[in-house]
Amino acid sequence: MPRIVLEHVSKRFDKFVAVDDLNIVIEDRDFITLLGPSGCGKTTTLRMIAGLETPTEGRITIGDTVVFDAEKGINLSPAKRDIGFLFQNYALWPHMTVYQNIAFGLENLKWKREDIKSRVYEMLRLLKIEEFVHRYPAELSGGQQQRVAIARTLAPAPKVLFMDEPLSNLDAKLRSEMRTELKRLHSDSDSTFVYVTHDQLEAMTLATKICLMNKGVLQQYDPPLTVYSKPNNIFVADFVGNPTMNFINAKLSEVDGKHVLSLFGLYATFTANMNKPLNRENVIVGVRPEHIAITDSGKINATAYSALPAGMETTVKVKIKDALVSSVVFGAIDYKTDQAIKCDIISDQICIFDANTKELISQGSISINSL
Amino acid sequence: MKSLNKNKTIFNRIGTFFTKPANCMLVIFAILLTALTLYPLLSMLREMFVVHAGIEKTLTGLKKGNFTLFHWTKLFKGGEWSMTNYWIPFLNSTLLGFGGAVLGIMIGGVIAWLMARTNLKHKKLIGSLFLFPYMMPAWTMALYWLNMFQNSKVGAGIVGVMEGLFGLCMPEWFVYGLFPCIIVTGLHFGPFAYILIGGILQNMDATLEESAVILKAGRLKIVRRITLPIIMPAVLSTFLLIFSSGFASYTVPMFLGGAVRFFTLSSKMKAMFNAGYTGQAYIIGSTVILMGWLILTINQKYTGRKRSFTTVTGKSGQVSFIDLKRFNTPISIALIVIITFFSIIPLIVFAIQTLLRSPGVYEFSNLTLEFWLGRGESSYKNGMVGGILFNKTVWSALGRQFLLSITAALFAGTVGLFIGYAVVRRRGTKLAQYVESMAFFPYLIPAISFSTIYLAISTTKTFSFLYNSFFLIALVSGVKYLPFASRGGINSMLQISTEIEEAGIVVGVPWYKRLFRLLFPIQKTSIMSGYLLPVITCMREVDLYTLLVPNAHFLLTTLLLEFNQTGYDQYANAVTLLIIVIVLILNSVSEKLTGASVAKGVGGGASFGGN
């Protein structure tokens, strides 16, 4: 069964390092998203696993087969890796009809004509595009083209399916529709999916595991909720989540065996739920917007800088002393500009990052000391 | 009262219309271009039905200017006259166009594929060498062919390089006539095909081929089933463009056909003019125009419909090259050798030819610099005194050609720029469409026919002041290069958003300031190339001028023809070399300054036939 292993994989273009010493294991039937800002090496990684790009160093194994090994000089062509690839722009052949597009791969596998036909129609039914069978790609809408591309990729029933930002060319509504379909498709088929995206929401909602990269270096490789709630470093914390996490500069000290944080000109006691030494002075406290609660019983005095009600939730920019933080409140609540409010930090997943290394050093809860 | 109001509204509307500078320009250009393109065409039509001075008067017994169908009946009544003067040249033109296009596409296509899709070695060298034959005028290749293969057994009996050095005597069909014409045309347009097809291949979404690789299609199958069908429209359009150039070509068949009386329609037309059969010459010329028009219509229809093929965008440039493995070195070396034979060697051969005291004798004792540096001690009595570097005729011809190039470029570049502005601002209106297509119109007409048209008006009474004038030649050149210039102008103006000008309008900047201070500076380089490219093209132009010059000594290119026809090979070769060198220098200057070169410019320009 296809388990994909990348060991010390690097890719350099001249002097530019696109991917630097990447080690990941993709388990069978996983739905992995490669996530990161543009230029972070995620597409290059995907193309290297698929065989469209040759790594500079390292070893890639798909299932029991070593498909690439820089030392041994193994480099299997994409055709021999038993994979499917869904391209960002679909890459439908413009001179072939929908039927011909889907059938092409099966023809190459030397399938019988009848088998091809029944498989093509099976795919067409699956993706609900039967009525377009004799159309050319140019005569289809973006969403329909997307379905044809998926059908073409799935037709030979690849064990591993690679997708390179397949939804980025669709409008918002279609995109969320296709997300649902892709997730269904993953559970219906027994394939492994590897999916490239720069959209953190897409990564969060689709993946069983997120592989977050920056500048060619792996930042975190964990299930989405772990990435969200326990980010390895400030980059990850900042990249995942919308509105983004609040980062507050603070000083950490130990008083009477308790960790005391000084932030916003206030003092707060930090109770760690991780067993890591906290021997730094300069730290950055990371608080998710939903963990800043606006309540009358709050211990922090603040003013509402602006409120952006979106119906289901309201994003409030809260001014505490000279700092601006965002808070997300459920429901539509409109605050007047500069209205005085009280708030509190209410989670046990507050992150403490080292201000120098930007790495996560601890997590826990904060309670503001009463004045 | 009511009608008065109505009149007032109309006047007001006209008034408002002309407050926009773009509208004023469009009206002016509409009138100007109609006069410069439609009118000459109509007067040419007239020439086909009237009697001209000279032999036509005698044959018809009619007065000059009388209506007659004589030209048509004579040319098409059948018999040997029709055969030798129309149908055989027609066939030759067709075969030349067809053969040249097939050869050009084969050469250009293979090299384009090798360059764009394989890991071929020395790509840079091959790429730049290969563009040489296209930067050099087509006729230099014809001259080169003669220099190499002419021999004592055929034609004028001058010994060429092959015979002189290796004793190799090629048969007549190899040296003169259709075969060498096809080879030369194919070699000249090979790079053109390479530019167009290579461009498509490079821009073609690599994922189209990658997805086929992943679906387990073999290399050959991918080329056959994916790549070829997708670039087919581009190939076809390249084919048609080369075909129409080959069909209309004049200089190449003139150099390579004269000795065996091989005529294409264009060279036949010239011969008919010389023989005094002006009316029939115009009929032959109009055939070439019709064919050019037909081809471009087909081209536009076909590529217009399937254009979507090549506009698919995506992550290109990530294409993985095919590994040629052990064939890589042999293929690249073979290519370099072959291409050198048609790019560097011609220059050397031209140079050697100019150093031979008696042509065809390839010995050290026969070398002389007299044809370059001589000061009159030459035994030749051809009106030339001494070497070309000290010759007044050559220098004044060169000077005139420069002046001509600059005038034409100024005209085409400026008009093109303003057309670009006006058309883009009023895009979608009928007037803008009319101006755009009128500016493009001269492209449909092959150079030699184009000069025919202008010859026709310059011989009418009203425009007799144009006859044999520098102004006429400059005007013809300017109008002929207008399609490229206006296309360039339109493209460069399309890249500037209207907001930039509107920001100027809002703060009350007058229109000329908006153009010269805001818009033009933004597109400086592309505008500069709009001026430079016509200069280069003009420097090497022959077809357009051969009918229009008052005498052969007028321009450098026509002087060259004269030398060639009168058998002064050394001079002809020296002038050729001079022209090649000037063109190459200008081209590299242009490439340095603006990034535009004849190769790119003409390639890009020609491809707009399909847009």
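Residues numbered from 1 in each chain as written. Chains lettered and ligands numbered in written order. Predicted model: local features only at pLDDT ≥ 70, side-chain atom pairs only at ≥ 80, totals over all residues. Heavy atoms only, no water.

Visitor: Looking at this structure, how should I read the overall build of chain A?
Guide: Each helix and strand in chain A was counted, giving eight helices and 22 strands. Based on the C-alpha atoms only, the size of chain A along its principal axes is roughly 80 × 50 × 35 Å. Taking all 371 residues of chain A together, 54% fall into the buried category. Taking all contacts inside chain A whose residues are at least 6 apart in sequence as the whole, residues at least 24 apart take part in 64%. (Helix = DSSP H or I, 4+ residues; strand = E, 2+ residues; numbered from the N terminus. Buried < 20%, exposed > 50% of the residue type's maximum accessible area, 1.4 Å probe, protein only. Contact = heavy atoms within 4.5 Å.)

Visitor: Quick question: what am I supposed to make of the overall build of chain B here?
Guide: Across its full length, chain B holds 29 helices and zero strands. Taking 25 Å as the expected radius of gyration for a compact globule of 611 residues, we find that chain B reaches 26 Å, a close match to that expectation. Its C-alpha atoms give chain B principal-axis dimensions of roughly 95 × 75 × 50 Å. Considering only contacts in chain B between residues 6 or more positions apart, those separated by 24 or more positions represent 73%. With 50 positive and 21 negative side-chain charges, chain B shows a separation of 11 Å between the mean positions of the two kinds. (Rg over C-alpha atoms; globule rule 2.2 N^0.38 Å. Lys, Arg positive; Asp, Glu negative; His and termini not counted. Charge placed at Lys NZ, Arg CZ, Asp CG, Glu CD.)

Visitor: How do you make sense of the packing of aromatic side chains when you look at a structure like this?
Guide: Two descriptors summarise a pair of aromatic rings, namely the distance from one centre to the other and the angle between the planes of the rings. What the rule picks out here adds up to 43 aromatic pairs over all chains. Where F418 of chain B meets F520 of chain B, the ring centres are 5.9 Å apart and the plane angle is 80 degrees; that geometry is what we call edge-to-face. Separated by 102 residues along the polypeptide, F418 of chain B in helix α19 (residues 392-425) and F520 of chain B in helix α25 (residues 511-522) bring together distant segments of the chain. Chaining the aromatic ring pairs together yields one cluster made of F49, F67, W72, F76, Y86, W87, F90, F98, F239, F243 and F247 of chain B. If you follow K221 of chain B out to its NZ or CZ, it ends over the ring of F104 of chain A, 5.3 Å from the centre. (Phe/Tyr/Trp six-rings, centres within 6.5 Å; stacked < 30°, edge-to-face > 60°. Lys NZ or Arg CZ within 6 Å of the ring centre and 35° of its normal.)

Visitor: How should I be thinking about the sheet that holds strand β14 (residues 266-272) of chain A in this particular structure?
Guide: Strands pair in a sheet through their backbones, by hydrogen bonds, and they do so in one of two ways: parallel or antiparallel. A barrel is described by the order of its strands in space; here six strands give the closed sequence β12-β13-β14-β22-β21-β15 (chain A), paired in antiparallel fashion. Here the strands of the sheet are splayed against their neighbours by 45 degrees on average, with no regard to which way each runs. (Pairing = 2+ DSSP bridges. Axes fitted to C-alpha atoms, helices over the stretch in contact; angles between N-to-C directions.)

Visitor: It is not clear to me how the sheet that holds strand β11 (residues 217-222) of chain A should be interpreted in this structure. Could you clarify?
Guide: All names here are of chain A. Read across the open sheet, the six strands follow the order β7-β8-β9-β3-β10-β11; overall the sheet is mixed. Lying at the two open borders of the sheet, with one neighbouring strand each, are β7 (83-86) and β11. Each neighbouring strand pair of the sheet contributes to a mean axis angle of 15 degrees, computed without reference to strand direction. Note that strand β10 (residues 209-214) and β11 share five bridges and pair antiparallel. Within β11, the position partnered with L212 by the bridge is Q220.

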